[in-house]
Amino acid sequence: MGSKHWTKLVAVAVIACGAVTMAQAAERRCGWYSNPTPGNLWLTDKDASWTITSQGEGPDAAGAEKAPDFDPKQFVETNVPGSGHGYGYACMTVETDVKDQRITRVIAGNILPLAKCKADKSLPPPS
C-alpha cells in the first residue's frame, strides 16, 4: 500500500473515532424537572441537580429550547398561583459538564407522569 492510502485510512479512522466519541457524549437523564423562578430550569436526578438555564449565572445549555414544555396535568406549582413555576418529571437526552453540574446541550426531552418519578427511590424528594 502506498503512503497516500495509509494517510486516507488513518484520516477515516480518526474521523470515525471522533463520531463515536460524540455519540457517546449524549446521555439520557430522568428526574425532577423544575422551573422555580423565571429564567431557571433544572433537572435533578440520582446523580446531581443539573442546571439547564440559570438567570444571570453562566451560559445556558445549547438547545435549551428543546427542553420539554411542562404538562399542566403533570405539574406541581410551587410559587404564586398562576405563575407557572414549579416542577414535573422529565427524561432528557443531554450532554453534561459533570464538574460544574451543568447540562451543556439539550438534544431532546419528554415529560412523564409524576407518579413514575415519585416511585423512583433513587431520586431525592422534589425541592
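Residues numbered from 1 in each chain as written. Predicted model: local features only at pLDDT ≥ 70, side-chain atom pairs only at ≥ 80, totals over all residues. Heavy atoms only, no water.

Novice: Teacher, can you tell me more about the overall build of the protein here?
Specialist: Along its length, the protein carries 2 helices and 6 strands. Ordered by position from N to C terminus, the α and β elements of the protein give α-β-β-β-β-β-β-α. Relative to its full complement of 127 residues, the protein shows a buried share of 33%. Of the contacts made within the protein by residues no fewer than 6 positions apart, 57% connect residues no fewer than 24 positions apart. For the protein, the exposed area adds up to about 7,800 Å²; of that, 60% sits on carbon and sulfur atoms. (Helix = DSSP H or I, 4+ residues; strand = E, 2+ residues; numbered from the N terminus. Buried < 20%, exposed > 50% of the residue type's maximum accessible area, 1.4 Å probe, protein only. Contact = heavy atoms within 4.5 Å. Areas by Shrake-Rupley, 256 points an atom, 1.4 Å probe, with all protein chains shown as cover.)

Novice: Any chance you could explain the packing of aromatic side chains here in plain terms?
Specialist: Working definition: an aromatic ring pair is given by the centre-to-centre distance plus the angle between the planes. This structure, assessed with the given rule, holds 3 aromatic pairs. An aromatic cluster of at least three residues, connected via ring pairs, comprises Tyr-33, Phe-70 and Phe-75. (Phe/Tyr/Trp six-rings, centres within 6.5 Å; stacked < 30°, edge-to-face > 60°.)

Novice: I would appreciate a short explanation of the nonpolar core in the present structure.
Specialist: Looking at soluble globular proteins, one finds that nonpolar side chains tend to be buried together. Grouped together as the largest cluster of nonpolar side chains are 14 residues, with contacts concentrated most on Tyr-33, Leu-43, Ile-52, Met-92, Ile-103 and Val-106. Going through the elements one at a time, strand S2 (41-44), strand S3 (49-53), strand S5 (86-97) and strand S6 (102-112) are the ones with two or more residues in this core. Ranked by the residues each element gives to this core, the list is headed by S5, at 3 residues. Those residues in contact with Ile-52 that lie beyond four places of it in its chain are Tyr-33, Leu-41, Trp-42, Leu-43, Asp-60, Ala-61, Ala-64, Met-92, Ile-103 and Val-106. (Core = buried A, V, L, I, M, F, W, Y, C linked by side-chain atoms within 4.5 Å.)

Novice: What is the right way to read the pairing of S5 from this model?
Specialist: The two faces of a sheet get side chains in turn, since along a regular strand they alternate between them. The buried count for S5 comes to 10 of 12 residues, which makes it a mostly enclosed element. Examined bridge by bridge, strand S4 (residues 76-77) and S5 share 2 bridges and lie antiparallel to one another. Looking at the pairing, Val-76 lines up with Tyr-87 of S5. For S5 and S6, the ladder comprises 9 bridges, and the chain directions are antiparallel. Opposite Met-92, over in S6, you have Gly-109 as the bridge partner. Here S5 folds back onto S6 in antiparallel fashion, the turn holding 4 residues, of which Gln-101 has a positive phi close to 50 degrees. (Pairing = 2+ DSSP bridges.)

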